[in-house]
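Summary of structural features
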Amino acid sequence: MAHKITLTGKPVSALRLKKDFCTFDMEEKGSPAAPKGLPKSSTITYTIFINQKQLKKAGLTEENIQNQKIMVQGEPTLDVPMDDCPGEIGVTCFQVSVISEKQKEEVKAEKKLAKEPEKKEEVKAEEQPKAPEGTEDFVELEQIKVPEEFLKYQPNPYKTQLVIDHVKQSGMLDEPITINRETKVLTDGYRRYIVAEKLEIKTVPVMYEKITVES
């Protein structure tokens, strides 16, 4: 079994040059809301272990790395000296890429489009259904991409009906759908995606995936 992890954002430290590799730190914050009775996720500092070839391929240098928004995909590691890993968790980098300004503008444009239907409806605030706990944004359903593995899965009909009943009573999904912030790929909440599609809900509440761990 292998653990995989994806981190996005700007590095919070300078690039540290070692003999055979380089390191830098990144921070990820947890969801603002946790399931009832469970502790909230805290901010974690990750130390990224990367080689010169990966840095060069991504166009990252000592001078520009802290000014770039990047995506790191790799695996967590504990088999490193503490002196080389100031963060709580070490991450062996398998792939790193810079998130371009074009991608950032596309994300902003998508958010703007997702909010436009709400403005046209001109519904009074007190009449709008309350967003489910943990909602970070609203996205048009057609913008969400569903991975092949989800399409092969058939959710339990009884539990799906419970979600449908909740939407009919409250006018809103009971939980936000979890998606990747940059790619809009669905990572959790496929049942609610199906319900929204079935009930022809055009805009759905979402929360953004902070860390992806697969085993």
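Above this text you will find the structure in question.
So, here's what we can say about the structure. (Residues numbered from 1 in each chain as written. Predicted model: local features only at pLDDT ≥ 70, side-chain atom pairs only at ≥ 80, totals over all residues. Heavy atoms only, no water.)

As for the overall build of the chain
Stated formally: Strands are runs of DSSP state E lasting at least 2 residues, helices are runs of H or I lasting at least 4, and numbering of each runs from the N terminus. Summary of the burial criterion: residues with accessible area below 20% of their type's maximum are buried, those above 50% are exposed, and those between are partly exposed, where the area comes from a 1.4 Å probe applied to protein chains only. Here, Shrake-Rupley sampling with a 1.4 Å probe gives the accessible areas, and only protein chains in the shown set may cover a residue.
Counting secondary structure elements, the chain contains five helices and ten strands. Relative to its full complement of 215 residues, the chain shows a buried share of 38%. For the chain, the computed accessible surface area is about 13900 Å², with 50% contributed by carbon and sulfur atoms.

With respect to the pairing of strand β5 (residues 70-77)
We count it as follows: Here a strand pair is declared whenever DSSP counts at least two bridges between the two strands.
Relative to β5, strand β1 (residues 5-9) is paired through five bridges, and the arrangement is antiparallel. When the sheet's bridge partners are listed, Ile5 is paired in β5 with Gly74. Sheet analysis places β5 next to strand β6 (residues 89-98), joined by eight bridges and oriented antiparallel. Among the inter-strand pairings, Ile70 is bridged to a residue of β6, identified as Val98.

Remarks on the nonpolar core
Put simply, the rule is: To form a nonpolar core, buried Ala, Val, Leu, Ile, Met, Phe, Trp, Tyr and Cys residues must be joined to one another through side-chain atoms within 4.5 Å.
If you look at the biggest cluster of nonpolar residues, it comprises 19 residues, and the most contacted ones within it are Ile144, Ile177, Tyr193, Val204 and Val206. Elements that contribute at least two residues to this core include exactly α4 (157-170), β8 (177-179), α5 (190-198) and β10 (203-208). Top contributing element to this core by residue count: α5, with four residues. Leu7, Leu15, Leu55 and Ile65 belong to the second-largest nonpolar core, a separate cluster that totals 18 residues.

A word on the layout of surface pockets
For clarity, the threshold we go by: Residues are called lining when one of their atoms sits within 4 Å of a cavity or pocket point, these points coming from a 1 Å grid over the protein atoms alone, where a cavity is a set in which a 1.4 Å probe fits but cannot get out and a pocket is an open set with protein on both sides within 12 Å along at least five of seven lines. Grid points are joined across faces, edges and corners, and a volume is the space filled by probe spheres set on the points. Residues are grouped as follows: nonpolar covers Ala, Val, Leu, Ile, Met, Phe, Trp, Tyr, Cys and Pro; charged covers Asp, Glu, Lys and Arg; every other residue, Gly included, is treated as polar.
In this structure, the largest pocket encloses a volume near 690 Å³. Taken together, the residues of the lining of the largest pocket sort by class into ten nonpolar, seven polar and eleven charged.

Let's talk about the sheet that holds β10
Heads up, the condition is: Working convention: axes come from line fits to C-alpha atoms, limited for helices to the stretch in contact. Angles between N-to-C directions cover 0 to 180 degrees. What makes two residues a contact is simply this: any of their non-hydrogen atoms within 4.5 Å.
Taken together, four strands build an open sheet; the order of strands is β7-β10-β8-β9 and the sheet is mixed. Lying at the two open borders of the sheet, with one neighbouring strand each, are β7 (137-140) and β9 (186-188). Here the strands of the sheet are splayed against their neighbours by 55° on average, with no regard to which way each runs. Where β7 and β10 come together, four bridges link them in antiparallel fashion. Bridge pairing links Val139 to Val204 in β10. Helix-sheet contacts for α5 involve β8, β9 and β10, and the interaxial angle to β9 is about 120°.

Some words on α4
Our working rule: Take the number of residues in a helix, subtract one, and multiply by 1.5 Å to get its expected span. It is the directions from the helix axis to the C-beta atoms whose arc is reported.
A rise of 1.5 Å per residue sets the reference length of α4, with its 14 residues, at 20 Å; its end C-alpha atoms lie 20 Å apart and thus fit the reference within 8%. Those residues of α4 that fall on the buried side of the exposure criterion are Thr160, Val163, Ile164 and Val167. Along α4, the residues classed as buried sweep out an arc of 100° about the axis, all on the same side. Set apart from the buried face of α4 by more than 90 degrees, the exposed residues are Tyr158 and Gln169. Structurally, α4 contributes buried residues whose contacts are with α5. Residue Gly171 follows α4 closely and has a positive phi angle near 80°.

Here's the deal with the environment of Met26
As for its position among the elements, Met26 is in strand β3 (residues 22-28). Considered as a pair, Met26 and Val12 are 14 residues apart in the sequence and their alpha carbons are 5.4 Å apart. Leaving out residues up to four positions away in the same chain, Met26 has contacts with Leu7, Thr8, Gly9, Pro11, Val12, Ile44, Thr45, Tyr46, Ile48, Ile70 and Val72.

Considerations on the sheet that holds strand β2 (residues 16-17)
Pairing is mixed in the open sheet, where six strands are placed in the order β1-β5-β6-β4-β3-β2. Of all the strands in the sheet, just β1 and β2 have a single pairing partner and so form its edges. Direction of pairing for β2 relative to β3: antiparallel, over a ladder of two bridges. Of the residues in β3, the one forming a bridge with Arg16 is Thr23.

Notes on the side chain of Arg191
As a reminder of what qualifies: Under this rule, positive means Lys or Arg and negative means Asp or Glu; His and the chain ends count for nothing. Throughout this description, the term salt bridge denotes a Lys or Arg side-chain nitrogen within 4 Å of a carboxyl oxygen of Asp or Glu.
Among the secondary structure elements, Arg191 is positioned in helix α5. The buried charged residue Arg191 lacks any salt bridge, with Asp174 as its nearest oppositely charged partner at 7.8 Å. Not counting chain neighbours up to four residues away, the residues in contact with Arg191 comprise Tyr153, Pro155, Asn156, Lys159, Thr160 and Val163.

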